[in-house]
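Single-letter residue listing:
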Amino acid sequence: MPFSMAFILNFTSVRGMSLNEVYADFVKILGYENVLRGDYVQPYSVDKYTRSVVKPTFILKPASVQQLLQILSLARKYGMSITPRGGGFDLAMGSMVSDGIIIDLTRLNEILEVNDENYTITVQCGVTFEDINEKLTLKRLSVDLEPITSPEATIGGFIASHGIGYGLLRHGCSVLNIIRDLEVVLSDGTIIHTGFKNLPFGKAGYNLTSLMIGSEGLFGIITEVTLSVFPAPETVASVALNFSSIEDGLNFLGDITKRLTTAHSAFMMNATFKDNIIRNALKYPFGEFSGLIRLEGSREEVEWEKDSVENLCGTSKNNIDEDLWNYRFLYHVIRELNYPVLIDDYIIPVKKSAEAYNVIREIAAREKLNFMTHFLYLGSNIVLNLMYVDDIRKAYSLEKEIDEAINLIGGRPLTIGLRRVEVMKKTSPCLFNLLSEIKRVLDGINLFCPNKLL
Ligand SMILES: Cc1cc2nc3c(=O)[nH]c(=O)nc-3n(C[C@H](O)[C@H](O)[C@H](O)COP(=O)(O)OP(=O)(O)OC[C@H]3O[C@@H](n4cnc5c(N)ncnc54)[C@H](O)[C@@H]3O)c2cc1C
């Protein structure tokens, strides 16, 4: 039997136990209200964007690592697969599963410690960015990073999908750069720590943190996270910009962000994006592409640099800047659309980004498909989020063609999820094999997300 199928086949028999008996066992650990089945699993049949319905067998909501360990022990006994879920903002249906258990981790939501001597925050995996920011703001500290999708995303989910987000450009905008330690529960119940709480990333001895970043729940469940924190900036400001072409926009951002000492983050979006949502909401005459630069630092520096950018690109003083910044989260934009939405995300060298955009535009035009794009500027790369809003079926059928075209240009899709593994097998077979081997070592019984590496 192929390794990846072992668990799924075992699961269908539930090892001779009826689902009612299994349910009763989980209830003994978690109580009725924290074990969902039947129609009650419906909210977990979708993620925040799709209507692609799956039917998990149980939703389990542990409130402690102890309960999580008990659940894993039963899941092993009954041969049921486990898919962890945080906020469900994943872009690749990664937190959904049919015929298996979804563990909802949002009750593991305690902020355990803010250490302002060591400049760290330690939280449970289900804590959201909103909660982290609220807590740190009180202490004039900041993690200086937010997901592109939503502040309601959990830290565990963000790390498991290797979040890159709005953050200090010079810190690289990746969660990788701020993690000091992860506590991870493996499928046999072993608890490991991947780093050192009191030392910045990779500063001493072995460090397994990177293994877990972007692992999408395949290797273990991240239960506790220690992050570096930074002094909060004295002030922040945004400058909204208009560009007539993607080339103009990217050149301008590349040039200006190198010169600004207070550049925090920068993004761009195309006209369809704004036509669909923001133009109506903000009533602002956007150009073909619009962008935003976020500045943070001392009041004097930020004000001076904001004025310089506005003078340089002839932006008239307006009130749009902060409003546009408030539209930075994709989910906040998307929830105003009619569902469903299909989102793909790619990382692309900046120099190739215009070419990638034009390829997407040509393919979409050929198929008469509307799309919206959001570009997060990262210095030498951009993260391109591509959203289709009307004909999702057609968009699905084009995904492979666009993935391959972007791959040829030198970019690559960011996700594995349930959709992308075929692309990975084709474009990076060595990586696929290596991931399968690591999985075999860390989760030999294939308990976690067996459907993701098929
Ligand atoms: C490969 C990939 C790359 C992405 N890149 C970005 C990005 O660069 N920037 C960005 O803002 N967004 C990115 N996203 C979307 C990102 O998932 C969301 O922004 C958000 O951070 C997810 O948080 P969540 O709590 O909603 O997690 P969910 O959507 O619930 O889960 C996300 C994934 O992580 C797993 N998971 C959830 N919690 C845990 C845990 N505690 N331990 C182990 N696994 C867990 C899930 O099974 C699922 O595969 C990416 C998604 C994927 C799949």
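Residues numbered from 1 in each chain as written. Predicted model: local features only at pLDDT ≥ 70, side-chain atom pairs only at ≥ 80, totals over all residues. Heavy atoms only, no water.

(A) Looking closely at the overall build of the protein. A tally of helices and strands in the protein yields 15 helices and 20 strands. Counting all 454 residues of the protein, 58% fall into the buried class. Put simply, 70% of the contacts in the protein that link residues at least 6 apart link residues at least 24 apart. (Helix = DSSP H or I, 4+ residues; strand = E, 2+ residues; numbered from the N terminus. Buried < 20%, exposed > 50% of the residue type's maximum accessible area, 1.4 Å probe, protein only. Contact = heavy atoms within 4.5 Å.)

(B) Main features of the side chain of T128. Turning to its location among the elements, T128 is positioned in the loop between β6 (120-124) and α4 (129-138). Setting aside residues no more than four positions away along its own chain, T128 makes contact with P151, E152, A153 and T154.

(C) Examining the environment of D39 more closely. Tracing the backbone shows D39 in the loop between β1 (35-36) and β2 (58-60). For D39, a relative accessible area of 70% corresponds to the exposed category. Placed 16 residues apart in sequence, D39 and K55 show a C-alpha to C-alpha distance of 9.4 Å.

(D) Summary view of a nonpolar patch on the surface. Residues F196, L199, Y206, L208 and L211 make up a contiguous nonpolar surface patch of roughly 430 Å² in combined accessible area. The exposure class of F196 is partly exposed, given its relative accessible area of 31%. (Patch = residues over 30% accessible without salt bridge, like charges linked within 9 Å, V, L, I, M, F, W, Y side chains within 5 Å. Areas by Shrake-Rupley, 256 points an atom, 1.4 Å probe, with all protein chains shown as cover. Salt bridge = Lys/Arg side-chain N within 4 Å of Asp/Glu carboxyl O.)

(E) Just helix α12 (residues 350-366), in detail. If you check α12, its first and last C-alpha atoms are 25 Å apart, about what 17 residues at 1.5 Å a residue would give, namely 24 Å. K368 occupies a position one or two residues after α12 and carries a positive phi of about 50°. (Expected span 1.5 Å × (residues − 1).)

(F) Seen up close, the site of the ligand. Residues in close proximity to the ligand total 34 residues, the closest being G86, I148, T149, T154 and I164. In this structure, an oxygen atom belonging to the ligand sits 2.7 Å away from a main-chain N or O atom of G87. Here K452 contributes a side-chain N or O atom positioned 2.8 Å from an oxygen atom of the ligand. Considering the ligand on its own, with 930 Å² of exposed area, one finds that the protein chains cover 99% of that surface. Secondary-structure elements contributing two or more residues to the shell around the ligand are β3 (82-85), α5 (155-160) and β12 (221-228). When residues of the shell around the ligand are assigned to their parent elements, the largest contribution, four residues, is made by α5. Of the residues in the shell around the ligand, the class split is 14 nonpolar, 15 polar and five charged. (Near = heavy atom within 4 Å. Polar contact = N/O pair within 3.5 Å; in protein donor to acceptor, adjacent residues only side chain to side chain. Nonpolar A, V, L, I, M, F, W, Y, C, P; charged D, E, K, R; others polar.)

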